[in-house]
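Fold and geometry: a report
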Amino acid sequence: EPEVTQTPSHQVTQMGQEVILRCVPISNHLYFYWYRQILGQKVEFLVSFYNNEISEKSEIFDDQFSVERPDGSNFTLKIRSTKLEDSAMYFCASGWAYNEQFFGPGTRLTVL
Amino acid sequence: GESVGLHLPTLSVQEGDNSIINCAYSNSASDYFIWYKQESGKGPQFIIDIRSNMDKRQGQRVTVLLNKTVKHLSLQIAATQPGDSAVYFCAENADSNTGNQFYFGTGTSLTVIP
């Protein structure tokens, strides 16, 4: 069964550094998402992406964040200058329809 | 965003018993809801969904009930098994025809006792 994959599984970085989290959505899915989950807290929506552009973003998704679908298979989340509070699990999701979301296993980001 | 919360943060049940996990939502405009299961170290996994024009939907061993009057959602798991042990989230969408931003609840941790 196809599934969303994410790399790396764990990323450790220094505060102020740039990180790129990578996701390979399920083939032929049209909608792509990033969520984050701070330890012990709710899953929070960051951004949705459709037709090669951002369709929705939350207030969390500020200028430090960007997304890209560089080659038709990967979907990346870039954090330009990481802060301590960016430490969280980051989940990628994809779907055929706007209300369908299959989640990846997540990348644990630790900012020191 | 509107809040989506869970009444019980933890729930323990005996194997074979039925489980009921509850969720309250506050946005009366929400019209689409999903229950997710999250096992340790994994991403959320879709279990079942329901639209606001329904009050009940059944899947395999799971039933979701929606009470729009009191803005309450529940997930019933029949004959709970050890593999059902996980954190369960409800998520709501307030514009299921165009929007794809979901708001998640905090989660209920279900432990199945063999």
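A brief structural summary. Note that the coordinates shown come from a computational prediction; the quantities given were computed from them, not determined experimentally.

Definitions and limits used
All chains use their own residue numbering, which begins from 1 and follows the written sequence. Each chain takes a letter, starting from A, and each ligand takes a number, starting from 1, following the order in which they are written. Given that the model is predicted, a residue must reach a pLDDT of at least 70 before its local features are reported, and side-chain atom pairs must reach 80 or more before they are shown or counted; all residues, however, enter totals for whole chains, interfaces and linings. Think of the side-chain values as coming from all heavy atoms in the structure, minus any hydrogens and water. We count a stretch as a helix when DSSP gives it H or I for four or more residues in a row; a strand needs E for two or more, and each element gets its number in order from the N terminus. The contact rule is simple, with two residues in contact once any of their heavy atoms fall within 4.5 Å. The term polar contact refers here to a pair of N or O atoms within 3.5 Å; inside protein, the definition further demands a hydrogen-donor-capable atom paired with an acceptor-capable atom, and it admits residues adjacent in sequence only when both atoms are side-chain atoms. Accessible surface is computed with a 1.4 Å probe, and the buried area is the amount of it that two parts give up when combined, taken over both parts together. Salt bridge criterion: a side-chain nitrogen from Lys or Arg within 4 Å of a carboxyl oxygen from Asp or Glu. Note on residue classes: Ala, Val, Leu, Ile, Met, Phe, Trp, Tyr, Cys and Pro are nonpolar, Asp, Glu, Lys and Arg are charged, and everything else, Gly too, is polar. Our working definition of a disulfide is a cysteine sulfur pair at a distance within 2.5 Å. Buried means the residue's accessible area, taken with a 1.4 Å probe over protein chains only, is under 20% of the maximum for its type, while exposed means over 50%, and partly exposed covers the values in between. To qualify as a nonpolar core, a set must consist of buried Ala, Val, Leu, Ile, Met, Phe, Trp, Tyr and Cys residues joined through side-chain atoms within 4.5 Å. Pairing between strands is defined by DSSP: at least two bridges between the two strands are required. Only the stretch in contact is used when fitting a helix axis, every axis being a line fitted to C-alpha atoms; angles between N-to-C directions are given from 0 to 180 degrees.

On to the environment of B:Asp84. Residue and element names in this part refer to chain B. By secondary structure assignment, the location of Asp84 is in the loop between strand S8 (72–77) and strand S9 (86–93). Taking the C-alpha atoms as reference points, Asp84 and Thr111, separated by 27 residues in sequence, lie 7.8 Å from one another. Residues contacting Asp84, with those up to four places away along its chain left out, are Lys37, Arg61, Ile77, Ala79, Leu110 and Val112. Looking at Asp84, its side chain comes within polar contact range of the side chain of Arg61, at 2.9 Å. Engagement of the side chain of Asp84 in a polar contact is seen with the backbone nitrogen of Gln81, the distance being 2.7 Å.

With that out of the way, let us pick up the interface of chain A and chain B. Across the contact, 19 residues belong to chain A and 21 residues belong to chain B. Summed over both sides, the interface of chain A with chain B buries roughly 1,700 Å², with 48% coming from carbon and sulfur. Three residues stand out in chain A for area buried against chain B, namely A:Lys42, A:Tyr98 and A:Asn99, and they jointly supply 35% of the buried area on that side. Applying the counting rule to chain A against chain B returns zero salt bridges. Every element with two or more residues in the side of chain A that touches chain B is listed here: strand S4 (31–37), strand S5 (43–50) and strand S6 (53–57) of chain A. Of all the elements, S4(A) adds the most residues to the side of chain A that touches chain B, at four residues. A breakdown of the residues in the side of chain A that touches chain B according to their chemical character gives nine nonpolar, seven polar and three charged.

Okay, the state of the cysteines next. Using the criterion set out here, one finds two disulfides over all chains in the structure. There is a disulfide in this structure between A:Cys23 and A:Cys92, and the S-S distance comes to 1.9 Å. Between A:Cys23 and A:Cys92, the S-S torsion sits near -65 degrees, and that sign places the bridge as left-handed. In this pair, A:Cys23 is assigned in strand S3 (residues 19–24) and A:Cys92 in strand S9 (residues 88–95), connecting sequence segments 69 residues apart. The side chain of B:Cys23 participates in a disulfide bridge whose partner is B:Cys90; the two sulfur atoms lie 1.8 Å from each other.

Residue and element names in this part refer to chain A. Thr7 connects to Pro8 through a cis peptide bond whose omega is -10 degrees. A positive phi angle, near 65 degrees, is found at Asn52, a position not held by glycine. Topologically, Asn52 is positioned in the loop between S5 and S6. Exposure remark for Asn52: the relative accessible area of 61% places this residue in the exposed category.

Before going further, it helps to spend a moment on the nonpolar core. The biggest cluster of nonpolar side chains holds 22 residues, and the ones touching the most others in it are A:Trp34, A:Leu46, A:Phe61, A:Val67, A:Phe75, A:Leu77 and A:Tyr90. Where this core is concerned, the elements lending two or more residues are S3, S4, S5, strand S7 (65–68), strand S8 (75–79), S9 and strand S11 (107–111) of chain A. In contact with A:Val67, other than residues within four places in its own chain, are A:Trp34, A:Val47, A:Phe49, A:Ile54, A:Phe61, A:Phe75, A:Thr76 and A:Leu77. Among the nonpolar cores identified, the runner-up in size contains 20 residues, and B:Ile50, B:Leu66, B:Leu75 and B:Cys90 belong to it.

Right, let's get into the sheet that holds S3(A). All names here are of chain A. If you trace the four strands from one edge of the open sheet to the other, you get S1-S3-S8-S7, paired in antiparallel fashion. The sheet terminates laterally at strand S1 (5–7) and S7, the two strands that pair on one side only. Pairwise comparison of adjacent strand axes, ignoring direction, gives a mean angle of 20 degrees for this sheet. Judged from the three bridges that link them, S1 and S3 form a sheet pairing that is antiparallel. The partner of Thr7 across the bridge, within S3, is Arg22.

The next subject is the pairing of S6(A). Residue and element names in this part refer to chain A. Judged from the four bridges that link them, S5 and S6 form a sheet pairing that is antiparallel. For Val47, the partnering residue across the bridge sits in S6 and is Lys57. Between S5 and S6, which pair antiparallel one after the other, the connecting turn spans two residues, and Asn51 there sits at a positive phi close to 55 degrees.

Turning to the pattern of salt bridges, a few remarks are in order. Once their charged atoms are close, side chains differing in charge can pair, the charge on each being opposite to the other. All names here are of chain B. Under the defined criterion, the tally for this structure stands at four salt bridges over all chains. The partner of Lys42 in a salt bridge is Glu39, with the nearest N and O atoms 3.8 Å apart. Note that Arg57 is salt-bridged to Asp49, the shortest N-O span being 2.2 Å. For Arg57, a relative accessible area of 36% translates into the label partly exposed. A residue is classified by how much of its surface remains accessible, and Asp49, at 14% relative accessible area, is buried.

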